[in-house]
Amino acid sequence: MISNYDQFRKIIHIDMDAFYASVEQRDNPELRGKPIAVGGGEKRGVTTTASYEARKFGVKSAMPGWKAKELCPDLIFVKPRFEAYKQVSNQIRAIFKRYTDLIEPLSLDEAYLDVTINKIDQPIATEIAKAIKNDILQETLLTASAGVSYCKFIAKIASDIQKPNGLTVIKPHQATEFLETLPIQKFFGVGKVTAAKMTSMGITNGLDLKAFSKMDLVSRFGKNGAFYFDMVRGIDDRPVEPFRIRKSLAVETTFDDYLNEPADILNCIETIAQELFLRIERSNFQGKTLTLKIKNKSFQQWTRSVSQVFVFDNLEQISAFAKSLVNQNLDLCTDVRLIGLTVSNPISEDPKVSGQLELPFE
Ligand SMILES: [Mg+2]
């Protein structure tokens, strides 16, 4: 039994609630209280973010517009305004910086903060999370949810527990019970495929997972097996890394319904390209290779890449190259369940970059 909790880190995961949809409702009063879907339209589009009013009907991210409309006939489709989202993203990052410089952004609206040592000398991380949530609300008129724990993995799950406007704290002594009852698909690095495999092994929650030895898990899941072994025991020493040197930048979306129509697929490419472009701008990542990844219904995956002498740094170019990769491989685009776009092959020749340790799953 560990009695001195001061030896633990204090990590906060902040995640804005229904981010794009909330910004649209804030800026367009006529949309408030209504079910809206930000993303493509009803015909060929895909929903990026649904408002909470729409979620009640089962409308979700990555759902085709027609299906969303079927579930929620009054659904209003709204075109994304990435500039507005980026502006809010800058605002919340400025707020984080008042408390710590150890900030690791995961996307425009999500970040890890290490507040073990912080700029306001507040020893209680929960108080910092409250203050940040309050600052965000005052300054952006939007709500965020926060998860507080001693490691990244648990903080991230915690932020999702009481959404929207939630604050969930998992203290070190609560972690064992929390993880034992946690459904297996919530574990870090466990996607749909791994979850299905674990279910077939009789693993439905953390407690079931704990029954397997490290060797057993490694033999079944490769090096990730060792990772799962540690995670379920609450061991996650990954630091919050503000200056992680990137080797690539990727955006991918999984669909509930399989896509077959080229027009649907190209529409999704457009949305994914936009998100990728935003991340490129934000991180200043410069890469010369663009890769398209497609997974189908039977989890078969293929990738196609294109490289150029200059970097991928504008939206039209990324979108056009990605679409041509799709168009060149239309025969392979059947029952599509996942589409991903990655920019890699950074221009830097710095040996530090090529020697950078890569973490799994990120
Ligand atoms: Mg969010």
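Residues numbered from 1 in each chain as written. Predicted model: local features only at pLDDT ≥ 70, side-chain atom pairs only at ≥ 80, totals over all residues.

*Asks:* What am I meant to see in the overall build of the chain here?
*Replies:* Looking only at helices and strands, the chain has 14 helices and 12 strands in total. A principal-axis box enclosing the C-alpha atoms of the chain has dimensions of 60 × 55 × 45 Å. Within the chain, buried positions represent 37% of all 362 residues. A separation of at least 24 residues holds for 63% of the contacts in the chain among residues at least 6 apart in sequence. (Helix = DSSP H or I, 4+ residues; strand = E, 2+ residues; numbered from the N terminus. Buried ≥ 20, exposed ≤ 12 C-beta atoms within 10 Å, placed from the backbone. Contact = placed C-beta atoms within 7 Å.)

*Asks:* Would you explain the nonpolar core in this entry?
*Replies:* Note on soluble globular proteins: their nonpolar side chains tend to be buried together. Residues Ile12, Ala37, Leu113, Ile132, Leu276 and Ala322 are the most contacted members of the largest nonpolar core, which totals 92 residues. It is helix H12 (residues 262-283) that contributes the most residues to this core, 8 residues altogether. Residues within four places of Leu276 in sequence aside, it is in contact with Leu249, Val251, Ile318, Leu341 and Val343. (Core = buried A, V, L, I, M, F, W, Y, C linked by C-beta atoms within 7 Å.)

*Asks:* Could you clarify how one ought to interpret the sheet that holds strand E8 (residues 167-169) in this entry?
*Replies:* Within a sheet, neighbouring strands are paired by backbone hydrogen bonds and run either parallel or antiparallel to one another. If you walk across this open sheet you meet the 5 strands as E5-E6-E1-E7-E8, and the pairing is mixed. For this open sheet the edge positions go to strand E5 (103-107) and E8, each flanked by a neighbour on one side alone. Here the strands of the sheet are splayed against their neighbours by 15° on average, with no regard to which way each runs. For E5 and strand E6 (residues 110-114), the ladder comprises 4 bridges, and the chain directions are antiparallel. Residue Ser107 lies in a different strand from E6, and its bridge partner there is Glu110. Strands in contact with helix H6 (residues 152-161) are strand E1 (11-16), E6, strand E7 (144-149) and E8; relative to E7, the strand with the most contacts, it is inclined by about 145°. (Pairing = 2+ DSSP bridges. Axes fitted to C-alpha atoms, helices over the stretch in contact; angles between N-to-C directions.)

*Asks:* What should I look at first to understand the pairing of strand E2 (residues 36-39) in this one?
*Replies:* Consecutive side chains along a regular strand alternate between the two faces of the sheet. Residues Ile36 and Val38 line one face of E2 and the alternating positions Ala37 and Gly39 line the opposite face, and both faces are buried. In terms of strand pairing, E2 meets strand E4 (residues 76-78) through 3 bridges, oriented parallel. When the bridges of E4 are listed, Ile36 appears paired with Ile76. When E2 meets strand E3 (residues 47-50), the two strands line up antiparallel, connected through 3 bridges. By the bridge assignment, Gly39 is partnered in E3 with Thr47.

*Asks:* How do you make sense of the confidence of the model for the chain when you look at a structure like this?
*Replies:* Segments scoring low in pLDDT should not have their predicted coordinates read at a detailed level. Taken over all residues, the pLDDT of the chain has a mean of 89, while the share at 70 or more is 94%. Within the model, the stretch residues 349-362 combines pLDDT values under 50 with 14 contacts to residues more than four positions away or in other chains. (pLDDT = per-residue confidence, 0-100.)

*Asks:* Can you help me understand the domain arrangement of the chain in this one?
*Replies:* Note on interface size: it is often stated as the accessible area lost on association of the parts. For the chain, the assigned domains read domain 1 (9-15 + 90-174), domain 2 (19-82), domain 3 (175-232) and domain 4 (248-349). Relative to domain 3, the C-alpha centre of domain 1 lies at a distance of 26 Å. Across the side of domain 1 that touches domain 3, the residue classes tally to 5 nonpolar, 1 polar and no charged. (Domains from an automatic or database assignment. Nonpolar A, V, L, I, M, F, W, Y, C, P; charged D, E, K, R; others polar.)

*Asks:* Explain the packing of helix H1 (residues 19-27) against helix H4 (residues 82-99) here, please?
*Replies:* To characterise two packed helices, one gives the angle between the axes of the helices and the distance between these axes. Viewed as axis vectors pointing N to C, H1 and H4 meet at an angle of 100°, and their least axial separation amounts to 10 Å. Considered as vectors, H1 and H4 are oriented roughly perpendicular to each other. Across from Phe19, Tyr20, Val23 and Asp27 in H1, the residues of H4 making contact are Ala84, Tyr85 and Val88. Partitioned by chemical class, the residues of the contact of H1 with H4 number 6 nonpolar, no polar and 1 charged. (Parallel < 35°, antiparallel > 145°, perpendicular 65-115°, else oblique.)

*Asks:* In this structure, what is going on with unusual backbone geometry? I would like to understand it.
*Replies:* Peptide bonds are trans in most cases, and residues, glycine excluded, mostly fall at negative phi. Each neighbour pair has its own omega, and for Lys163 with Pro164 the value is -10°, a cis peptide bond. A positive phi angle, near 60°, is found at Leu141, a position not held by glycine. Within the fold, Leu141 resides in the loop between helix H5 (125-140) and E7. Positioned with a positive phi, Asn345 is a non-glycine residue whose angle comes to about 65°. The residue Asn345 is located in strand E12 (residues 336-346) in this model. Judged by the 18 C-beta atoms lying within 10 Å of it, Asn345 is partly exposed.

*Asks:* Would you mind going over the sheet that holds strand E9 (residues 248-259) with me for this structure?
*Replies:* If you walk across this open sheet you meet the 4 strands as E9-E12-E10-E11, and the pairing is antiparallel. Where the open sheet ends on each side, the last strands, each with one partner, are E9 and strand E11 (301-307). Across the sheet, the mean angle from the axis of one strand to that of its neighbour is 15°, orientation sign disregarded. Looking at chain direction, E9 and E12 are connected through 8 bridges and run antiparallel. In the strand pairing of E12, Glu252 is matched with Gly340. Against the sheet, H12 contacts E9 and E12, and its axis sits at roughly 155° relative to E9.

*Asks:* It is not clear to me how the packing of helix H10 (residues 214-221) against helix H11 (residues 223-232) should be interpreted in this structure. Could you clarify?
*Replies:* Running from N to C, H10 and H11 cross one another at 140°; their axes reach a closest spacing of 6 Å. The pairing of H10 with H11 is recorded here as oblique in orientation. Between H10 and H11 lies a crossing whose hand is right-handed. Of H11, the residues touching H10 (which contributes Lys214, Leu217, Val218, Arg220 and Phe221) are Lys223, Asn224, Gly225, Ala226, Tyr228 and Phe229. By residue class, the composition of the contact of H10 with H11 is 6 nonpolar, 2 polar and 3 charged. (Left-handed = near helix turned anticlockwise from the far one by under 90°.)

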